[in-house]
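Examining the three-dimensional arrangement
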Amino acid sequence: MSPVSSTLPATTPQSQFSSLFPINFARTFPLSKPFARSPNLVPLRKLLSQCPGVLISDDRRTLTSTTPPLETSGIEVDGVAETEAKEKGFRGIRRTKLVCTIGPETYELEQLEALAAGGMNVARLNMCYGTHDWHRAVIERVKRLNEEKGFEVAILMDTEGSEIHMGDLGGATSAKAEDGDIWTFTVRGIDCSSLDRTVNVNYGGFAEDVEVGDELVVDGGMVRFLVVEKIGPDVLCRCIDSGLLLPRANLTFWRNGSLVQERNAMLPTLSSKDWLDVDFGIEEGVDFIGVSFVKSAEVINHLKSYIAARCHENEIAVIAKIESIDSLKNLEEIIWASDGAMVARGDLGAQIPLEQVPSVQEKIVQICRQLNKPVIVASQLLESMIEYPIPTRAEVADVSEAVGQQADALMLSSESAMGNYPEKALAVLTTVSSRIERHLREKKHHDTVKLPVITSPLTCDISEELCNAAANMANKLEADFIFVYTKTAHMASLLSRCRPDCPIFAFTPSTSLRRRLNLQWGLIPFRLSFTDDMESNLSRTFSLLKARGMIKSGDHIIVVSDMQQSLQVITVPWRE
C-alpha cells in the first residue's frame, strides 16, 4: 500500500509519530473506486488528516480470507428490524427505540408476541406491581419469543424505590376518586378490600408528618386531595381533583405551595425490598435495572459494584430514573455514573412546576447525549390511549418533540401495562417516530449538538475520534451503512451518539451485549462471531448479509472496529 502523504504533516518526523501512536493504533482506509473518484475525496482527506495516527490508502485489494473459516457461520438479527428494512429500505428503518411496560393487559405469550412484532425493543417490568413468580413468568415468555421467533427484546426491571406510595387498593386494579369524596389514608397496614375509600400508605411516619391543610398529590397530579383531619394513624382527605387511583401510586404532599421533602430525603434510594428485587433480576438475567428516585451517584456506584460481584456471566446495565428534585441537583454526576437515564416525567412533574418539565426534559436528553449515555423519555406520552383508541393531537406533538430531540427511546407505561389499546399505542409511537425521523432526513437536518470530548485515556480518545470521523464521512459521502465490530459496545455507543444519517450495523459475539445495544438510537445489533482479521470478517459478513438480502454489491460502507482501532471506507465487491 502507498499511504497518502498529506495525512502526516511535513514537520512531523515518522519516529515521533511512531512514539506517539504505536503500530497497532495506525489505521488504513482502503478506498474503493466509487469513493476514490468522489469529488468529496479532497475534503475527506482533509478531515482524516486532522485525526493523528490515521492513514488513508487508495488500495483496492479484493477481500479474500487468509484465515480458516470460523466455526459459527451464522449471523443473527432481530426479525422485525430485518423485515422493516426490506420493506422500507434501511434508510427508512426507525432509529428511535421503543420500551413497553408489561402488565395485566400484556403479560400473556400472545400479547407479548404482538408487541414484539409491533416494534417493542425493550420490555419493562415495574416491580411496584406483581410477585416474583409473575415477573419470572413474563421473563421466561420474552426469552422464549426471542429464541423461537427471532426477536431480540431486552428486559428492563424497575425497582420500586422507597418513596412514599399507596398500597394495593385491596386487590382492585384501580379506584375512582370523585370531587368531594372523603378518603382515609392509613399506616395501619390493614386489609382494605372490605373498607370503602380506604388505602394504606407505606411510610410509617406519614400521619405525623402531614398537617391539616396540606395538599396530597397522587401519581404526579392525576388525583389531588386536601388533608382535612388526622385521627391517630389515619389521615382523612377530601378529593379536590377527581381521577383514577392506581395501586402503589406515588404520593407527595405540599404545604403553602411548596413540596414537603424533608422526610423523603431521609428515606434510602434502595429499600430492603429493592435489594431483593435486584437479586431476583440478577438471577433471572435481566438486561437493565432501573433505579427509582435516584438522589446521588453513590447509590448508582454501589449498585453497579454489587451487580459486578454477583453477575459473572452477563453484565447488567444500570439506568438512573430522573424523577425528583434531588436527581436534578446532582444530574450530571448521576448520569455519568449510570449506564443510561430515564426522564420519568410523571413523578418529576409532581416535584417541579409543570411549565419547567419540557425544558428539563430537553436538558436531560442533551446531557445524556453529550456524556454518551442512552436516554429514555417516559410517562404519559399517550395517556389518553389507556381508554381511547386514538391519541390526542397534543400527545402526538409531545412524541414528535421527543423524537426531534433525538432521545434514544420512548416508553409506554400504563398505556401498554393496563390500557385498552396497547398494540395501537405502540403503533402510534412507531408511526410518529418514523415519520419525524424521515422529515428530519428530508430536510437534510444535520445535528448541531456540540459533542464534547468525554474520554481521557489515549485508546479511548482514539475511539472517539474514529467514530466522529466515521459519522462525518458517512454523512458527507452519503454512505449506505456504517459497520462496527465490537466486543465492548463502546464504539457502537459512540457512533450512536453521533446520530449519523445512515443505519449502523453493530456486530458483536455476545448475545447479552446485543440485547443491551437494542436500547440505543440507530443501532441494528447483530450477533456474529469474528476474529481480529478484519479482512476475513468483512468478507464473511458481506457473504452472510448478501445471502439475506440485507446488502448488495456496490453499497458504500464505513467500517470501524474496536479490536484494532481501525476505520475503513469500502464498497461491497461485485463478486466473492
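Placed above this text is the structure.
The shown structure was predicted, so the numbers you read here are calculated from the model rather than taken from an experiment. (Residues numbered from 1 in each chain as written. Predicted model: local features only at pLDDT ≥ 70, side-chain atom pairs only at ≥ 80, totals over all residues. Heavy atoms only, no water.)

**Overview of helix 19 (residues 490-498)**
- The element helix 19 is extensively covered by neighbouring structure, given that eight of its nine residues are classed as buried.
- Of the positions making up helix 19, those classed as buried are M491, A492, S493, L494, L495, S496, R497 and C498.
- Immediately downstream of helix 19, the backbone of R499 shows phi near 50°, a positive value. (Buried < 20%, exposed > 50% of the residue type's maximum accessible area, 1.4 Å probe, protein only. Helix = DSSP H or I, 4+ residues; strand = E, 2+ residues; numbered from the N terminus.)

**Regarding the sheet that holds strand 17 (residues 375-378)**
- Taken in spatial order, the eight strands line up as 2-3-4-14-15-16-17-18 and close into a barrel, and their pairing is parallel. Strand-to-strand, the axes of this sheet are offset by a mean angle of 25°, without reference to chain direction.
- Sheet analysis places strand 15 (residues 317-322) next to strand 16 (residues 340-344), joined by four bridges and oriented parallel. Bridge pairing links A320 to A341 in strand 16.
- Set on the sheet, helix 6 (residues 132-149) makes contact with strand 3 (122-126) and strand 4 (154-158); between it and strand 3 the angle comes to about 175°. (Pairing = 2+ DSSP bridges. Axes fitted to C-alpha atoms, helices over the stretch in contact; angles between N-to-C directions. Contact = heavy atoms within 4.5 Å.)

**Concerning the layout of surface pockets**
- What the largest pocket holds in volume is close to 990 Å³.
- Looking at the lining of the largest pocket, the elements with two or more residues in it are strand 3, helix 6, strand 16, helix 13 (345-348) and helix 16 (414-417).
- If one sorts the elements of the lining of the largest pocket by residue count, helix 16 sits on top with three residues.
- In the lining of the largest pocket, the residues fall into 17 nonpolar, 16 polar and 13 charged. (1 Å grid on protein atoms, 1.4 Å probe; cavity = no way out; pocket = protein on both sides within 12 Å on 5 of 7 lines; lining within 4 Å. Points joined across faces, edges and corners; volume = space filled by probe spheres on them. Nonpolar A, V, L, I, M, F, W, Y, C, P; charged D, E, K, R; others polar.)

**A word on the packing of aromatic side chains**
- As enumerated under the stated definition, the model contains 17 aromatic pairs in all.
- Between F483 and F542 the ring centres are 6.2 Å apart and the planes differ by 50°, which places this aromatic pair in the tilted class. Of this pair, F483 sits in strand 19 (residues 481-485) while F542 is found in helix 21 (residues 534-547), placing the two residues 59 residues apart along the sequence.
- Under the relative-accessibility criterion, F483 is labelled buried at 0%.
- When the ring of F505 is compared with that of F507, the centres are 6.3 Å apart and the planes differ by 80°; the resulting orientation is edge-to-face. Residues F505 and F507 agree in their burial class; the two are buried.
- What links up through ring pairs into an aromatic cluster is the set F90, F481, F483, Y485, F505, F507, F526, F530 and F542. (Phe/Tyr/Trp six-rings, centres within 6.5 Å; stacked < 30°, edge-to-face > 60°.)

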